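Chains, contacts and geometry: an overview
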Amino acid sequence: MATPADVAAFRATQADVVTLALAELADWWQQLLALLTGDVPVAQIETVTADLVAVYGDAAALAAVDWYDELRDQADVRGTFRARMAEPAPREQAAAVARWAVGPLFGAQPDPAKSLEHLSGGVQRLVLQPGRQTIATNVDQDPADARWARVPSGPTTCAFCRLLASRGAVYHSEESAGGLATSFHSLCDCVPTPVWPGEQEPYDVDALVDEYSNARAEAGGNPKAILAQMRKDLGIN
Ligand SMILES: [Zn+2]
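This paragraph deals with the overall build of the protein chain. Check the secondary structure of the protein chain and you find eight helices and two strands. When the helices and strands of the protein chain are listed from N to C terminus, the series reads α-α-α-α-β-α-α-β-α-α. Over its C-alpha trace the protein chain gives a radius of gyration of 20 Å, about what one expects of a compact globule, namely 18 Å for 237 residues. Overall, the protein chain is about 60 × 45 × 30 Å in size when its C-alpha atoms are taken along their principal axes. Classification of the 237 residues of the protein chain by burial places 45% in the buried group. Residue pairs at least 24 apart in sequence account for 75% of intrachain contacts in the protein chain once pairs closer than 6 positions are excluded. With an accessible surface of roughly 12,100 Å², the protein chain has 53% of that area assigned to carbon and sulfur atoms.

What follows covers unusual backbone geometry. For D145, which is not glycine, the phi torsion reads 60° and is therefore positive. Examined against the element boundaries, D145 turns out to sit in the loop between α4 (112-141) and β1 (147-151). Since its relative accessible area comes to 45%, D145 is described here as partly exposed. Residues other than glycine seldom take positive phi values, yet L187 does so here, at roughly 70°. Tracing the backbone shows L187 in the loop between α6 (173-176) and β2 (191-195). By relative accessible area, which is 63% here, L187 ends up exposed.

Between helix α2 (residues 42-74) and α4, the least distance of the axes is 8 Å, while the angle of their chain directions is 35°. For α2 against α4, the interelement crossing comes out right-handed. Packed against α2, whose contacting residues are I45, T49, V53, Y56, G57, A60, A61, A64, V65, W67 and Y68, the element α4 presents L119, V123, L126, V127, P130, G131, T134, I135, N138 and V139 at the interface. Across the contact of α2 with α4, the residue classes tally to 16 nonpolar, five polar and no charged.

A separate point is helix α3 (residues 91-101). Those residues of α3 lying buried are A94, A95, V97, A98 and A101. Buried residues of α3 fall within an arc of 155° about the axis and therefore sit on the same side. Exposed side chains of α3 directed beyond 90 degrees from the buried face belong to E92 and W100. Looking at the packing, one finds that the buried side of α3 touches α2 and α4.

This brings us to the side chain of E46. Here E46 is to be found in helix α2. If we ignore the near neighbours within four places in the chain, the residues touching E46 are A95, A98 and R99.

On to the coordination of the zinc ion, then. Around a metal, the ideal angle is 109.5 degrees if four donors adopt a tetrahedral arrangement and 90 or 180 degrees if six donors adopt an octahedral arrangement. With distances of 2.2 to 2.3 Å, the protein atoms coordinating the zinc ion are C161 (SG), C188 (SG) and C190 (SG). Mapped onto the sequence, the donors of the zinc ion take the spacing C-x26-C-x1-C. In this structure, C188 and C190 share a single accessibility class: buried.

We now examine the packing of aromatic side chains. For the coordinates displayed, the defined rule picks out five aromatic pairs. Between F10 and W67 the ring centres are 4.2 Å apart and the planes differ by 5°, which places this aromatic pair in the stacked class. Placement of F10 in helix α1 (residues 4-35) and of W67 in helix α2 is noted, with a sequence separation of 57 residues between them. Residue classification places W67 among the buried residues on the basis of a relative accessible area of 6%. By the ring-pair criterion, three or more aromatic residues cluster together here, those being Y68, F81 and W196. For the cation-ring pair, R150 lies above F184, with the distance from its terminal atom to the ring centre recorded as 4.0 Å.

Parameters at a glance
Residues numbered from 1 in each chain as written. Predicted model: local features only at pLDDT ≥ 70, side-chain atom pairs only at ≥ 80, totals over all residues. Heavy atoms only, no water. Helix = DSSP H or I, 4+ residues; strand = E, 2+ residues; numbered from the N terminus. Rg over C-alpha atoms; globule rule 2.2 N^0.38 Å. Buried < 20%, exposed > 50% of the residue type's maximum accessible area, 1.4 Å probe, protein only. Contact = heavy atoms within 4.5 Å. Areas by Shrake-Rupley, 256 points an atom, 1.4 Å probe, with all protein chains shown as cover. Axes fitted to C-alpha atoms, helices over the stretch in contact; angles between N-to-C directions. Left-handed = near helix turned anticlockwise from the far one by under 90°. Nonpolar A, V, L, I, M, F, W, Y, C, P; charged D, E, K, R; others polar. Arc of directions from axis to C-beta. Donors = N, O, S within 2.8 Å, 3.2 Å for Na, K, Ca; no water. Phe/Tyr/Trp six-rings, centres within 6.5 Å; stacked < 30°, edge-to-face > 60°. Lys NZ or Arg CZ within 6 Å of the ring centre and 35° of its normal.

In short, shape yes, function no, at least from these values alone.
Listed below in structure tokens is the structure:
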């Protein structure tokens, strides 16, 4: 069973991968700006972003597959199953993030720092994506009836993530279909964590249910109003 320490250790490995990716991105960005004359090389920015996302995304997925296998070995489940790595984020998805991120370079007052900030947020999310996808896909393929929970981690967790975390280990493909369960915003450091039958979630689900119920009692049934109430109650985003 994943312990809070396991989740924290896994989150740290994922954060390290992101740190390396962002350091490489920032170096490259400096060189690009230093050499920039005339038009912004959008196609080149798309390519470099997609390459970074692929290389570091693979590293994130590799760590996730190892983590899945390790936790499953510890779980009291029958049968053998070996997890498989998810593919990196599609190149077109990375290119779309890059095109969006370079927007501030084209304003009346070009803002390269803003562009790098956007690009870094997108790269962070896309580098983590195959790690998260690895957990979700293997939960679905695992014959042992696994589920995953969105485990809050890091210093603060936003209302959206707390609401999804309050449901506990319920997520698998049918439960997630058409919903927001598999979406992760930029800078989200929640950890999708596999849980097998008979295991406990590695965080206090009841406390999150209470937060949600209190907000719902105050705000009524509208999800947006509930989230707004949670933000107000908890002083968070
Ligand atoms: Zn989150």
